[in-house]
Amino acid sequence: MKNFLNMILIIVFTTPLTVTASDLNVGDTAPNFKLQSTDGDFYQLSDYLGKQTVVLAWYPMANTHGCTLECRSLVQKGHLIREYNAVYMMASVDDLEDNQDFAKKQKADFPMLSDPTKETAKAYDVLNFIRVASRMTFYIGKNGKILKIDEDINAETAAENIAANLQALGIEKSAK
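None of the values given here were measured: they were computed from a predicted structure. (Residues numbered from 1 in each chain as written. Predicted model: local features only at pLDDT ≥ 70, side-chain atom pairs only at ≥ 80, totals over all residues. Heavy atoms only, no water.)

1. Describing the pairing of strand S7 (residues 146–150)
So, point 1. Sheet topology note: the strand S6 (residues 136–140)/S7 ladder contains four bridges and is antiparallel. Within S7, the residue paired with Phe138 across the bridge is Ile149.
So, point 2. Hairpin connection between S6 and S7: a loop of five residues separates the two successive antiparallel strands, and Gly144 in this loop has a positive phi of roughly 85 degrees. (Pairing = 2+ DSSP bridges. Helix = DSSP H or I, 4+ residues; strand = E, 2+ residues; numbered from the N terminus.)

Written out as structure tokens, the structure reads:
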């Protein structure tokens, strides 16, 4: 039975989960959100307007293989992203306790947001047919407009890819 469940999980998390791209497009105003993070604080997009680019990386489920690889990449190579005037966050529809456990195991040093009501996932049009978020990354400019929507995520090189996208988008370097 365990092998069968593992096989189902592998199929579910490696099969494309959306038939079409997000209804949001580059140039659209990104939906505001206010979500609780694994550090207990609430984060909202409006706090970053006029200050920093926001990278919002949606992931399907805490403690799964691909999500673990993506989180590890951001932990181990997050310094590449921090070279830019950008804040990065991961978000899922997991409850806060699951995300806190996941963040602790992976030693996440960035906000991991929980959207258990799935309202923000719906607003970003990432909720798929099995009611978890599809793996997508949104790049949101200081003006609140969507700069890029990345649906082709390589979990193992997520940090490097985010940094390359920030460079390609012409995001200024961090003053730090």
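On we go from here.
2. Concerning helix H3 (residues 96–106)
So, point 1. Among the residues making up H3, those that are buried are Leu96, Asn99, Phe102, Ala103 and Gln106. On an axial view of H3, the arc spanned by its buried residues comes to 125 degrees, and they lie on one face. Away from the buried face of H3 by more than 90 degrees, exposed residues Glu97, Lys104 and Lys105 are located.
So, point 2. Close packing links the buried residues of H3 with strand S1 (34–37), helix H2 (65–81), strand S4 (86–92) and strand S5 (112–114). (Buried < 20%, exposed > 50% of the residue type's maximum accessible area, 1.4 Å probe, protein only. Arc of directions from axis to C-beta. Contact = heavy atoms within 4.5 Å.)

3. Things to note about the confidence of the model for the chain
So, point 1. Residue-level pLDDT values for the chain average 87, and 87% of them are 70 or greater.
So, point 2. In the model of the chain, helix H1 (residues 2–14) stands out as the element of lowest mean pLDDT, 46, in contrast to S6, which has the highest, 97.
So, point 3. Considering only residues more than four positions removed or in separate chains, one finds that residues 4–20, a stretch of pLDDT under 50, has 11 contacts. (pLDDT = per-residue confidence, 0-100.)

4. Quick notes on the pattern of salt bridges
So, point 1. The full count for this structure, using the stated rule, is seven salt bridges.
So, point 2. A salt bridge links Glu70 to Arg135, with the nearest nitrogen and oxygen atoms 2.5 Å apart. Of the two residues, Glu70 is situated in helix H2 and Arg135 in the loop between helix H4 (119–123) and S6; the sequence distance between them amounts to 65 residues. Here Glu70 matches Arg135 in class, with each residue buried. (Salt bridge = Lys/Arg side-chain N within 4 Å of Asp/Glu carboxyl O.)

5. Considering the packing of H2 against helix H5 (residues 158–168)
So, point 1. The geometry of H2 relative to H5 is characterised by a closest axis approach of 7 Å and an angle of 40 degrees between their N-to-C directions. One finds that H2 runs oblique with respect to H5. Of H5, the residues touching H2 (which contributes Glu70, Ser73, Leu74, Lys77, Gly78, Leu80 and Ile81) are Ala158, Ala159, Glu160, Ile162, Ala163 and Leu166. (Axes fitted to C-alpha atoms, helices over the stretch in contact; angles between N-to-C directions. Parallel < 35°, antiparallel > 145°, perpendicular 65-115°, else oblique.)

6. Details of H2
An α-helix turns once every 3.6 residues. As a result, residues three or four positions apart point the same way.
So, point 1. For H2, with 17 residues, the first-to-last C-alpha span of 22 Å sits near the 24 Å given by 1.5 Å per residue.
So, point 2. The axis of H2 is deflected most strongly, by about 50 degrees, at Val75.
So, point 3. Of the residues making up H2, those classed as buried are Cys67, Thr68, Glu70, Cys71, Ser73, Leu74, Gly78 and Ile81.
So, point 4. Where H2 is buried, its residues contact strand S3 (53–58), S4, H3, S5 and H5. (Expected span 1.5 Å × (residues − 1). Bend = angle between axes of the 7 residues up to and from the residue.)

7. Let's talk about unusual backbone geometry
So, point 1. Backbone geometry places Lys107, a non-glycine residue, at a positive phi of 60 degrees.
So, point 2. Here Lys107 shows up in the loop between H3 and S5.
So, point 3. Assessed through its relative accessible area of 64%, Lys107 is described here as exposed.
So, point 4. Despite not being glycine, Lys118 shows a phi value in the positive range, around 70 degrees.
So, point 5. Along the chain, Lys118 falls in the loop between S5 and H4.
So, point 6. Look at Lys118 and you get buried, because its relative accessible area is 19%.

8. Details of the nonpolar core
So, point 1. Formed by 26 residues in total, the largest nonpolar core has its most connected members in Leu56, Trp58, Tyr124 and Phe138.
So, point 2. Among the secondary structure elements, those contributing two or more residues to this core are S3, S4, S6 and S7.
So, point 3. In contact with Leu56, other than residues within four places in its own chain, are Phe33, Met89, Ala91, Leu113, Tyr124, Met136, Thr137 and Phe138.
So, point 4. The next biggest cluster of nonpolar side chains, apart from the first, holds 23 residues, and it includes Ala57, Ile81, Ala103 and Met112. (Core = buried A, V, L, I, M, F, W, Y, C linked by side-chain atoms within 4.5 Å.)

9. Things to note about the packing of aromatic side chains
So, point 1. If you walk through the whole model with that rule in mind, you get five aromatic pairs.
So, point 2. Aromatic pair Trp58 and Tyr124: ring centres 6.2 Å apart, planes at 45 degrees, arrangement tilted. Residue Trp58 is found in strand S3, and its partner Tyr124 is found in the loop between H4 and S6; the two are separated by 66 residues along the sequence. Like Trp58, the residue Tyr124 is buried in the burial classification.
So, point 3. Taken together, a centroid distance of 5.3 Å and an interplanar angle of 40 degrees make the contact between Tyr88 and Phe110 tilted. Highlighted residues: Tyr88 in strand S4 and Phe110 in the loop between H3 and S5, separated in sequence by 22 residues. With respect to burial, Tyr88 and Phe110 carry one shared label: buried.
So, point 4. What links up through ring pairs into an aromatic cluster is the set Phe33, Trp58, Tyr124 and Phe138. (Phe/Tyr/Trp six-rings, centres within 6.5 Å; stacked < 30°, edge-to-face > 60°.)

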